[in-house]
Amino acid sequence: MHSEPLEGQQIWAEMPNFTAVMKSQITIRPATKADFAVLVANNQAMAMETENRQLDNQILSGGVQNLLDDPNKGFYIVAEENGQVVGNLMITKEWSDWRNGDMWWFQSVFVHPEHRGKGIFKALYQHVMDLAKENGIKELRLYVEHDNVVAQKVYAALGMVKSHYDMWEVGV
């Protein structure tokens, strides 16, 4: 945890293992239960935009609530501008025996279209990177749709590289 604010930042709130900071007009903070409705809405919007998929609202709502209730599953970070949530992401945790440590996965990344290009994701990303370093996290990962070239360029510009792994899945 930062013992004092970095230049250009001021402490906004404090929770275990992370600090909300204000960067210019954008406030980065941990999501709370009060953010439930906006997190559900943003997840719906992201699924429609990236996969043309309407999520079952009851299942999605349960998933968001479960994560908010159980920090062992992960956590959400939100970006606010003028008191309005304009972006968010979720971090989930994975243990790596090969690294003898945790890895964090970026998931449910969403920035409202009218706020893109303002550095919102970059601020969220940097906040997570700082938290990861402070908490001894070994690696940050994410997955992205193959044809989401815009997002891939953003991730590359932030220093992320394409993994040599392909993702496979099966429903159970």
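The rules we used
Residues numbered from 1 in each chain as written. Predicted model: local features only at pLDDT ≥ 70, side-chain atom pairs only at ≥ 80, totals over all residues. Heavy atoms only, no water. Axes fitted to C-alpha atoms, helices over the stretch in contact; angles between N-to-C directions. Helix = DSSP H or I, 4+ residues; strand = E, 2+ residues; numbered from the N terminus. Parallel < 35°, antiparallel > 145°, perpendicular 65-115°, else oblique. Left-handed = near helix turned anticlockwise from the far one by under 90°. Contact = heavy atoms within 4.5 Å. Nonpolar A, V, L, I, M, F, W, Y, C, P; charged D, E, K, R; others polar. Buried < 20%, exposed > 50% of the residue type's maximum accessible area, 1.4 Å probe, protein only. Salt bridge = Lys/Arg side-chain N within 4 Å of Asp/Glu carboxyl O. pLDDT = per-residue confidence, 0-100. Core = buried A, V, L, I, M, F, W, Y, C linked by side-chain atoms within 4.5 Å. Pairing = 2+ DSSP bridges.

(A) The arrangement of the packing of helix α1 (residues 36–51) against helix α2 (residues 57–69) in detail. Close contact between α1 and α2 brings their axes to 10 Å; oriented N to C, the two are set at 130°. Regarding the angle of α1 to α2, the classification is oblique. Our pair here, α1 against α2, has a crossing hand that is right-handed. For the pair formed by α1 and α2, the contact residues are Phe36, Leu39, Val40, Asn43 and Gln44 on the first element and Asn57, Leu60, Ser61, Val64, Gln65 and Leu68 on the second. A class-by-class count of the residues in the contact of α1 with α2 yields 6 nonpolar, 5 polar and no charged.

(B) Representation of the side chain of Arg29 within the structure. Following the sequence through the fold, Arg29 ends up in strand β3 (residues 26–30). Arg29 sits in the buried class, given a relative accessible area of 7%.

(C) Representation of the pattern of salt bridges. In the structure shown here, the tally under the stated rule is 9 salt bridges. Put simply, Asp69 and Lys33 hold a salt bridge, and the shortest N to O gap is 3.0 Å. Taken together, the positions of Asp69 in helix α2 and Lys33 in the loop between β3 and α1 put the pair 36 residues apart, joining distant regions of the chain. Of the charged contacts in the structure, one is a salt bridge between Lys118 and Glu81, with a shortest N-O distance of 3.2 Å. On the criterion of sequence distance, the pair formed by Lys118 in the loop between β6 (101–111) and α3 (120–134) and Glu81 in strand β4 (residues 74–81) is long-range, its members being 37 residues apart. For Lys118, a relative accessible area of 42% corresponds to the partly exposed category. Here Glu81 falls in the buried class, since its relative accessible area comes to 15%. Several salt bridges share partner residues, and in doing so they unite Arg29, Asp35 and Glu80 into one network.

(D) Seen up close, the confidence of the model for the protein chain. Per-residue pLDDT for the protein chain averages 88, and the proportion of residues at 70 or more is 86%. By mean pLDDT, strand β1 (residues 9–15) is the weakest element of the protein chain at 34, and α2 is the strongest at 98. A low-confidence stretch, residues 1–16 stays under pLDDT 50, and its non-local contacts, those more than four residues away or across chains, total 29 contacts.

(E) Representation of the nonpolar core. The biggest cluster of nonpolar side chains holds 25 residues, and the ones touching the most others in it are Ile77, Leu89, Trp104, Phe106 and Val128. Looking at this core, the elements that each hand over two or more residues are β3, β4, β5 (84–96), β6, α3, β7 (139–142) and α4 (149–157). No other element matches α3, which puts 8 residues into this core. Discounting residues that sit within four places of it in the chain, Val128 has contacts with Ile77, Leu89, Ile91, Trp104, Phe106 and Leu140. Counting 11 residues, the second-largest nonpolar core is a separate cluster that includes Leu60, Val64, Leu67 and Met90.

(F) Region of interest: the pairing of β4. Here β4 lies mainly inside the structure; 8 of its 8 residues are buried. Here β4 shows no split at all, with Gly74, Tyr76, Val78 and Glu80 on one side and Phe75, Ile77, Ala79 and Glu81 on the other all buried. The sheet contact formed by β4 and β5 spans 8 bridges and is antiparallel. Each bridged residue has a counterpart across the sheet, and for Gly74 the counterpart in β5 is Thr92. Hairpin connection between β4 and β5: a loop of 2 residues separates the two successive antiparallel strands, and Asn82 in this loop has a positive phi of roughly 55°.

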